[in-house]
Amino acid sequence: MSEDRRGGRRHDDSRRGRDDRGGRDDRRGRDDRGRRDDRGGRDGGDCWDDRRGDRRDDRGDRRDDRGDRREDRGGRRDDRRDRPRDAQGRERSGSRGQGGPRRGWSSSRPSERSRASTPSRQVALEGLRLVREEDSYANLVLPRLLRGHRVSGRDAAFTTELFYGSLRAQGRLDAIIAACVDRPLAKVEPALLDVLRLGAYQLLDMTVAPHAATSETVALARAEVGAGGASFANAVLRRVGEKDLATWIAEVAPDREKDPTGHLAVVHSHPRWVVRALSDALAGNGRSRDEIDQLLEAQNQAPAVSLVMRPGLTDLDELIDHGASQGRLSVFAAAWPSGDPGGMDLVKQGRVAVQDEGSQLAALSLALGADELVLADDAHWLDLCSGPGGKTALLGGLTIDHDADLLAVELQEHRTELVDRAVASLREAGCEITTLTADGTTIGAERPGEFSRVLADVPCSGLGALRRRPEARWRRTPADVGQLGAIQRDLLTSALNATAPGGVVAYVTCSPHLAETRLIVADVLKRRDDVERLDARPAVRAGLLPAVRDEVQLGEGPDVQLWPHVHGTDAMFICLLRRLPVPTEEGTPSS
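About the cut-offs
Residues numbered from 1 in each chain as written. Predicted model: local features only at pLDDT ≥ 70, side-chain atom pairs only at ≥ 80, totals over all residues. Heavy atoms only, no water. Helix = DSSP H or I, 4+ residues; strand = E, 2+ residues; numbered from the N terminus. Buried < 20%, exposed > 50% of the residue type's maximum accessible area, 1.4 Å probe, protein only. Contact = heavy atoms within 4.5 Å. Areas by Shrake-Rupley, 256 points an atom, 1.4 Å probe, with all protein chains shown as cover. Salt bridge = Lys/Arg side-chain N within 4 Å of Asp/Glu carboxyl O. 1 Å grid on protein atoms, 1.4 Å probe; cavity = no way out; pocket = protein on both sides within 12 Å on 5 of 7 lines; lining within 4 Å. Points joined across faces, edges and corners; volume = space filled by probe spheres on them. Nonpolar A, V, L, I, M, F, W, Y, C, P; charged D, E, K, R; others polar. Polar contact = N/O pair within 3.5 Å; in protein donor to acceptor, adjacent residues only side chain to side chain. Pairing = 2+ DSSP bridges. Expected span 1.5 Å × (residues − 1).

Draft legend 1. Local environment of the overall build of the protein chain. When helices and strands are tallied, the protein chain shows 24 helices and 16 strands. Here the protein chain holds 591 residues, and 50% of them are scored as buried. Within the protein chain, contacts between residues at least 6 apart in sequence are counted, and of these 71% link residues at least 24 apart. Within the structure as shown, the protein chain displays about 27300 Å² of accessible surface, and the carbon and sulfur contribution to it stands at 46%.

Laid out in structure tokens, this is it:
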């Protein structure tokens, strides 16, 4: 007799068919689950003891007897009265005891079993990996993954929230996870840390049942990094689930009075430097720094899907027939209720596209709002940094009304191809749009004074588009702003050089950072005496719906800075500049 320390019970090894080495007695032929030992299955006796307690002892002799009878009868019992029953007299489930393995039974240990998580979570994890390893854009990678894995409907909505939400909340989630582990997060395997972020977000920010969030995430960890990672994830997530979000924030966020920037950085999940930059941007554009909470909160909200109608190719009535509704601000905007509109015929045909209303207003300020500002021959337009083509298409669609052509310049070949696709339907409709792969900083020297309208939508940090590109907040650094500043100055200088006297340049960024907006313009203008700064507010209003044209706040001017918490758009900066006309001999301006 031996004592099982796990259960505190004694078991007679001889009665359980074991030899003196603790192994199965080969004479039995089959174990107590009805399986032959030579199949490689594990011994199930101890596991049965752990699960069923004392009932195992009561059944020991009967199972031995049944084993002998099955040998004599060729492994098959015909007497139903001898089938095993539980304490209530019911037959045991499955095929156990009938010569085959129990349904769903695995010969592997629990830690070795492969348990797949749901496709929705797998897609979210794969998206995080692509963003981390390949610097992919979140808003481009997710639709492709959803289509590739055939995730749609409610599952797609769940995946979208989980993927974007985990990216937005990464800083806050990391602070909470760090309080639950015994090592620096830098020493946690990156793939496992991605899994933990997904699990923590489900526990703290979504309405997923705690047991489901934990078990599914552990399954994801097992498939991604193995059994050890799964055990680690299970332990960490159980600790995370012990408290709600408000309690965790109170515990891990710095005190607001002592460290206001650090407090906001954790609460709203933005890097410290971004919090400071956005606060300065509010003040620099005549707004109160007290709005910083509203701004940061707005940048964590999932943006509504805005559509843009290609000029002349469709209208609002047609879009309404497909389930859309009128947009809030832009005369060319429509609102999509939810989900990916990519399957709509109008989108496939290139007559409609997804575009934020702030981006639409930036392009329209030049295409519509500059009609009274341009004092030059208005035949040639230029988009200096055209990829991926959204603003190019809006400009190009409006060239017909002005009997003008458009040159779209892009530095990278693959982005030029994106522009070509964006304007293909407009070309078919008769718009004169030419694409050119070239360095925009040299166009001003190569084609000086040629264009009446120039859009310089320059590369920037993207701090104004964090709602749809949440990864940018963790990818960018203050050093990037300095490096981008040099490019932005060169591009604006080139745009002005390419503009004819009397022509208008729209300098646009999707960042409100002062070092990318007002300071760039001021730095370029102090080196020139042939440029004047225009009031951009009337030009922006020209692209607004008549119903809201007089209601929308556009600031103190002369530039326009849009805000997520005020306008519900990306934080687009719009500055209009005009090359001074050349005076004639009589002293009057001439183009």
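Read on, since the account is not over.
Draft legend 2. Examining the pattern of salt bridges more closely. Applying the stated criterion across every chain, the model contains 33 salt bridges. Note that Arg453 and Asp378 form a salt bridge whose closest N and O atoms lie 2.6 Å from each other. Here Arg453, found in strand β10 (residues 451-457), pairs with Asp378, found in the loop between α16 (357-367) and β7 (380-383); they are 75 residues apart in sequence, far enough to count as distant. Looking at Arg453, the relative accessible area reads 2%, which means it is buried. Across the pair Asp523 and Arg527 runs a salt bridge whose closest N-O atoms are separated by 2.6 Å.

Draft legend 3. Examining the layout of surface pockets more closely. In this structure, the second largest pocket occupies an estimated 320 Å³ of space. Lining the second largest pocket we find 16 residues, and of these Arg172, Tyr201, Asp205, Asn300 and Gln301 sit closest to its centre. Those elements giving two or more residues to the lining of the second largest pocket turn out to be α5 (153-168), α7 (190-205) and α10 (245-252). The element that contributes the greatest number of residues to the lining of the second largest pocket is α5, accounting for 3 residues. For the lining of the second largest pocket, the class distribution of residues is 6 nonpolar, 5 polar and 5 charged.

Draft legend 4. Just the side chain of Asp356, in detail. For Asp356, the position within the fold is in the loop between β6 (352-354) and α16. The exposure class assigned to Asp356 is buried, which follows from its relative accessible area of 7%. Among the polar contacts made by the side chain of Asp356, one reaches the side chain of Arg467 at a distance of 3.1 Å. Those residues in contact with Asp356 that lie beyond four places of it in its chain are Ser306, Arg467, Arg468, Thr569 and Asp570.

Draft legend 5. Main features of the pairing of strand β5 (residues 333-336). Note that strand β3 (residues 305-309) and β5 share 4 bridges and pair antiparallel. Paired with Val308 across the two strands is Ala333, which belongs to β5. Sheet topology places strand β4 (residues 325-326) next to β5; 2 bridges connect them, and they run antiparallel. For Ser325, the partnering residue across the bridge sits in β5 and is Ala335.

Draft legend 6. Molecular detail of the side chain of Gln561. With respect to the element layout, Gln561 can be found in strand β13 (residues 560-561). Looking at Gln561, its side chain comes within polar contact range of the main-chain oxygen of Met572, at 3.1 Å. Excluding its chain neighbours within four sequence positions, the residues that come into contact with Gln561 are Asn285, Ser511, Pro512, Thr517, His567, Ala571, Met572 and Phe573.

Draft legend 7. View of the sheet that holds β3. Reading across the sheet, the 4 strands line up as β4-β5-β3-β6 and stay open at both edges, with antiparallel pairing between neighbours. In the strand order of this sheet, the two ends are held by β4 and β6, each with one partner. For β3 and β6, the ladder comprises 3 bridges, and the chain directions are antiparallel. The residue bridging Leu307 from the neighbouring strand is Val354, located in β6.

Draft legend 8. Seen up close, helix α21 (residues 478-498). Taking 1.5 Å per residue, 21 residues should reach 30 Å; α21 reaches 31 Å between its end C-alpha atoms and fits that length. Taken residue by residue, α21 has Asp480, Val481, Leu484, Gly485, Gln488, Leu491, Leu492, Ser494, Ala495, Leu496 and Ala498 as its buried positions.

Honestly, that's just the spatial picture; any functional story needs more than this.
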